[in-house]
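# Report on the structure
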Amino acid sequence: MSARPTLAVWKFSSCDGCQLTLLDCEDELLAVAEHVDIAHFTEMSSASVDGPYDVSLVEGSVTTAADRERILAIREASGLLVTIGACAAAGGIQALRNFTSVAELARGVYAHPEYLDTLETSTAIADHVGVDLELHGCPIDRHQLLEVISALLAGRRPVLPSYSVCQECKQRATVCLLVARGRACLGPVTRAGCGALCPSLDRGCFGCFGPAESANTASLARRLAADGTSQAQLSRLFRTFNAGAPAFRKESVAHDAPPAER
Amino acid sequence: MTHRRQSADRTIDVPGLARVEGEGGLRVEVRGGEVASVALNIFEPPRFFEGFLRARSFEEVPDITARICGICPVAYQMSACAAIEDAFGVAVDARVAALRRLLYCGEWVQSHALHVYLLHAPDFLGCADAVELAQLDRAAVQRGLELKRVGNLLMEAVGGRSVHPVNVRVGGFYRAPRPEDLRALLEPLRRALDASLATAEWVAGFDYPDVEGEYLFVALRPDGVYPIDSGPVASSDGLETTPGGFAELVVEEHVERSTALHARLAGRGAYLTGPLARYALNSGSLPEIAKQAAAAAGLGPVCTNPFRSIAVRAVELVFACDEAIRLIERYEPPDPPAAEVRPVAGVGHGATEAPRGLLLHRYAFDAGGLVREARIVPPTSQNQLSIEDDLRRVVVASIGAGDEELTARCEQAVRNHDPCISCAAHFLDVEVERS
């Protein structure tokens, strides 16, 4: 990497919340801009420098034919490609289309679906190009983003957890909602990173950071069912912002009603 | 008189607008010295929220709709909760309502500070971005970032986090914040109030193009208070109705250049929501300190120069900081933190003021509380036709300018309204064409 590496920020289908997280580093933003040359970041700047770029941060999922081509060009122009957020890592909330058809969804929203350029599926960036690092979360965590930028500047591997939210609850000494209160909580199967925010607010984890490594979703689902969670609820619980992540997709499909019973 | 250097026919084309949320562009065509067409193109890919909300449980709706926009998730959560509670006949107590308004103040401060300092001010000062602006005036950018930080702190204290807060539920909150945690924000908020007053003075010194719009303003107009989270819908031509009545009047069209639907009011046409509209219809309800800031920023009771929307946002920053202080000083934790919610089959409407304009939700539910039908009308699709009218006025006012200057002016004209394209696509591309 050159003395002052270049950073580019790209947007695909998304809510802009993860790139906003970079602007939310209020105390660090100007310092980051001193160490990094922010060469392309449409949401922040009307100036743009052509690549190649040392690091690209990519937000959003691929949902159009044009975007499928654009990500290839971005990969080509980037040294390291880091995805930010659940849309880029798993297709995001818009991957709910992967469980039905676009024609079905467009009806009732757009009078002329034929005007739309859209693919049948919303897919992760890694489904299209090689990705060097995925930052999870819906949205990503500001501290994790700063850790990644600092690590890249220092030329070391970033320290990011792959364990589950349960460990963060233990660290905060939050009483287990699942065990002590019988509350539906995805903490045991969800990647840490938020600091176990929801359980600290007396709310079960709803899986913003996607599946933890080797998550045993089937075992958790059995436990939740025994506590009274219906099959339809289980299916919806695993089918939100990380519905396209393989472990969550499989578990949500396992609890779908067979077509005849719908 | 200077020579007209420009050809009578040209095209201004901005395929990718910077410093707005989401993906859009603009195209203006000038033929024979006259504006032939203007278009705000929205090419943010459609995400089909209304489609995939069908058959989801009411409890999931605030969290799912928050994901429409990372800049104004609270607006989505609040309009959703209001609509669902309307459908089920749930009344929340005054303490829950006050805590919601406090959370919403955090979003206004965060979003307005972002827009004023990082997205809009660079246009007035000839900079590409806030980083370049910091080289000219570091103290100003730091003041803006500090304001934004305090908005985020407030969202974190009430909502758990600033992007997609997790503490909001239908009926209220999962857990009420502790009074001492909110009181700890009083000092930062008092500094933010000072920074907001300084913002109003700062923007008063900017050069504003001499352009006046003719707008039909639409905003919430509650009795005696400045609108955020509730109130009847009012217009500058005398309409006053409920959110449900308003929903009947909004006609949305799907046009080819846009994945956003274009809204107009039946029998009335294009209209504008957002800071200019809220201010025009409610400036009399601002607290004294915000009225003084408005005077310091050179504003009368109504502002129709869209470029001066930055001054109105500064006034709303003063209001939101002052309001947050007032709410924290009177804070009593709601107990329980949420009203009991029992779904019934029915239809509900909710309208609240997102930082960039009125946000309307309508849902129909079955008896089990599953969504049968969802309709979301975001601020930017309501503002799109008025933004295009502004583009036409700005091009006419600057027809003799060079392409580069005219293009910059057109982009600024779009940013005046803080469009949120991620929201609207369900929405923007600038091209100026002069043949």
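The structure presented is a predicted model; accordingly, all values stated were derived computationally and were not measured.

## Comments concerning the overall build of chain B
- The number of helices and strands found in chain B is 15 helices and 14 strands.
- Over its C-alpha atoms chain B spans a radius of gyration of 21 Å, differing by no more than 12% from the 22 Å that the globule rule assigns to 435 residues.
- Dimensions of chain B, computed from C-alpha atoms along their principal axes, come out at roughly 70 × 45 × 35 Å.
- Counting across all 435 residues of chain B, residues that qualify as buried make up 67%.
- By element, 47% of the accessible surface of chain B is carried by carbon and sulfur atoms, the whole surface being about 13800 Å².
- Each charge class in chain B was averaged separately, 44 positive and 60 negative side chains, and the resulting centres sit 2 Å apart.

## Describing the overall build of chain A
- In terms of helices and strands, chain A carries 12 helices and five strands.
- For chain A, whose C-alpha radius of gyration is 20 Å, the value lies close to the compact-globule estimate of 18 Å for 262 residues.
- Per-residue burial for chain A yields a buried fraction of 57% across its 262 residues.
- For chain A, the proportion of contacts with a sequence separation of at least 24, taken over those separated by at least 6, is 71%.
- Looking at chain A as shown, the accessible area adds up to about 10700 Å², and 53% of this sits on carbon and sulfur atoms.
- Distance from the positive charge centre (23 side chains) to the negative charge centre (30 side chains) of chain A: 10 Å.

## Some thoughts on helix H3 (residues 73-88) of chain B
- In a regular helix each residue adds 1.5 Å, so 16 residues correspond to 22 Å; H3 of chain B covers 23 Å between its end C-alpha atoms and thus fits that length.
- Once H3 of chain B ends, the next one or two residues include Gly89 of chain B, with phi positive near 70°.

## Structural notes on empty space enclosed by the protein
All names here are of chain A.
- Considered as a void within the structure, the largest cavity measures approximately 120 Å³ in volume.
- Contributing to the lining of the largest cavity are 20 residues, with Ser14, Cys15, Cys18, Cys87 and Cys138 lying nearest its centre.
- Mapped by element, the contributors of at least two residues to the lining of the largest cavity are helix H1 (17-23) and helix H4 (86-90).
- Counting residues per element, the lining of the largest cavity draws most heavily on H4, at three residues.
- Looking at side-chain class alone, the lining of the largest cavity contains nine nonpolar, seven polar and four charged residues.

## A look at the domain arrangement of chain A
Residue and element names in this part refer to chain A.
- Split into domains, chain A comes out as domain 1 (6-154) and domain 2 (165-256).
- One C-alpha centre belongs to domain 1, the other to domain 2, and the line joining them spans 25 Å.
- In this assembly, 13 residues from domain 1 lie in contact with 15 residues from domain 2.
- Summed over the shared surface of domain 1 and domain 2, the result is zero salt bridges.
- Counting the contacts that link domain 1 with domain 2 gives one residue pair in polar contact (both at pLDDT 80 or more).
- For the side of domain 1 that touches domain 2, the per-class residue count stands at eight nonpolar, four polar and one charged.

## Overview of the packing of aromatic side chains
Residues and elements named next belong to chain B.
- With the rule as written, the count across this model stands at 16 aromatic pairs over all chains.
- The interplanar angle of 85° and the centroid separation of 5.1 Å between the aromatic rings of Phe58 and Phe88 together place this pair among those described as edge-to-face. Of this pair, Phe58 sits in the loop between helix H1 (49-53) and helix H2 (61-66) while Phe88 is found in helix H3, placing the two residues 30 residues apart along the sequence.
- Since its relative accessible area comes to 8%, Phe88 is described here as buried.
- Between Phe88 and Phe365 the ring centres are 4.9 Å apart and the planes differ by 55°, which places this aromatic pair in the tilted class.

## Topic: the packing of helix H8 (residues 186-204) of chain B against helix H12 (residues 309-329) of chain B
Residues and elements named next belong to chain B.
- Running from N to C, H8 and H12 cross one another at 160°; their axes reach a closest spacing of 8 Å. Relative to H12, the element H8 lies roughly antiparallel. Along this stretch, H8 crosses H12, giving a crossing that reads as left-handed. Here Leu186, Leu189, Arg190, Ala192, Leu193, Ser196, Leu197, Thr199, Ala200 and Val203 of H8 come into contact with H12, specifically with Ile310, Ala311, Ala314, Leu317, Val318, Cys321, Asp322, Ala324, Ile325, Ile328 and Glu329.
- For the contact of H8 with H12, the class distribution of residues is 16 nonpolar, two polar and three charged.

## Examining the sheet that holds strand E2 (residues 37-41) of chain A
Residue and element names in this part refer to chain A.
- Spatial strand order, E2-E1-E3-E4-E5: five strands in an open sheet with parallel pairing. The sheet is open, and its two borders are formed by E2 and strand E5 (133-135), each paired with just one other strand. Within this sheet the neighbouring strands show an average axis-to-axis angle of 25°, counted without direction.
- Pairing of strand E1 (residues 6-11) with E2, which is carried by four bridges, proceeds in the parallel orientation.

## Remarks on the interface of chain A and chain B
- Contact residues are listed per partner, giving 59 residues for chain A and 66 residues for chain B.
- Carbon and sulfur atoms supply 61% of the area that chain A and chain B bury against each other, a total of about 5200 Å² over both sides.
- In this structure, the connection of chain A to chain B is made through eight salt bridges.
- Here Lys148 of chain B makes a salt bridge to Glu26 of chain A, at a shortest N to O gap of 3.1 Å.
- Viewed at the interface, chain B and chain A are joined by 24 residue pairs in polar contact (both at pLDDT 80 or more).
- Elements with a minimum of two residues in the side of chain A that touches chain B: H1, helix H2 (29-35), helix H3 (65-77), helix H5 (102-106) and helix H9 (197-200) of chain A.

## A few points about the packing of helix H4 (residues 94-124) of chain B against helix H6 (residues 138-159) of chain B
All names here are of chain B.
- As a packed pair, H4 and H6 sit with axes 8 Å apart at the nearest point and diverge in direction by 155°. The orientation of H4 with respect to H6, classified from their angle, is roughly antiparallel. For the pair H4 and H6, the sense of crossing is left-handed. Only Ala140, Arg143, Gly144, Leu145, Leu147, Lys148, Gly151, Asn152, Leu154, Met155, Val158 and Gly159 of H6 make contact with H4, whose side of the interface consists of Leu99, Leu102, Leu103, Cys105, Gly106, Glu107, Val109, Gln110, Ala113, Leu114, Tyr117 and Leu118.
- Taken together, the residues that form the contact of H4 with H6 break down as 15 nonpolar, six polar and three charged.

Calculation notes
- Residues numbered from 1 in each chain as written.
- Chains lettered and ligands numbered in written order.
- Predicted model: local features only at pLDDT ≥ 70, side-chain atom pairs only at ≥ 80, totals over all residues.
- Heavy atoms only, no water.
- Helix = DSSP H or I, 4+ residues; strand = E, 2+ residues; numbered from the N terminus.
- Rg over C-alpha atoms; globule rule 2.2 N^0.38 Å.
- Buried < 20%, exposed > 50% of the residue type's maximum accessible area, 1.4 Å probe, protein only.
- Areas by Shrake-Rupley, 256 points an atom, 1.4 Å probe, with all protein chains shown as cover.
- Lys, Arg positive; Asp, Glu negative; His and termini not counted.
- Charge placed at Lys NZ, Arg CZ, Asp CG, Glu CD.
- Contact = heavy atoms within 4.5 Å.
- Expected span 1.5 Å × (residues − 1).
- 1 Å grid on protein atoms, 1.4 Å probe; cavity = no way out; pocket = protein on both sides within 12 Å on 5 of 7 lines; lining within 4 Å.
- Points joined across faces, edges and corners; volume = space filled by probe spheres on them.
- Nonpolar A, V, L, I, M, F, W, Y, C, P; charged D, E, K, R; others polar.
- Domains from an automatic or database assignment.
- Salt bridge = Lys/Arg side-chain N within 4 Å of Asp/Glu carboxyl O.
- Polar contact = N/O pair within 3.5 Å; in protein donor to acceptor, adjacent residues only side chain to side chain.
- Phe/Tyr/Trp six-rings, centres within 6.5 Å; stacked < 30°, edge-to-face > 60°.
- Axes fitted to C-alpha atoms, helices over the stretch in contact; angles between N-to-C directions.
- Parallel < 35°, antiparallel > 145°, perpendicular 65-115°, else oblique.
- Left-handed = near helix turned anticlockwise from the far one by under 90°.
- Pairing = 2+ DSSP bridges.
- Buried area = accessible area lost by both parts, 1.4 Å probe.

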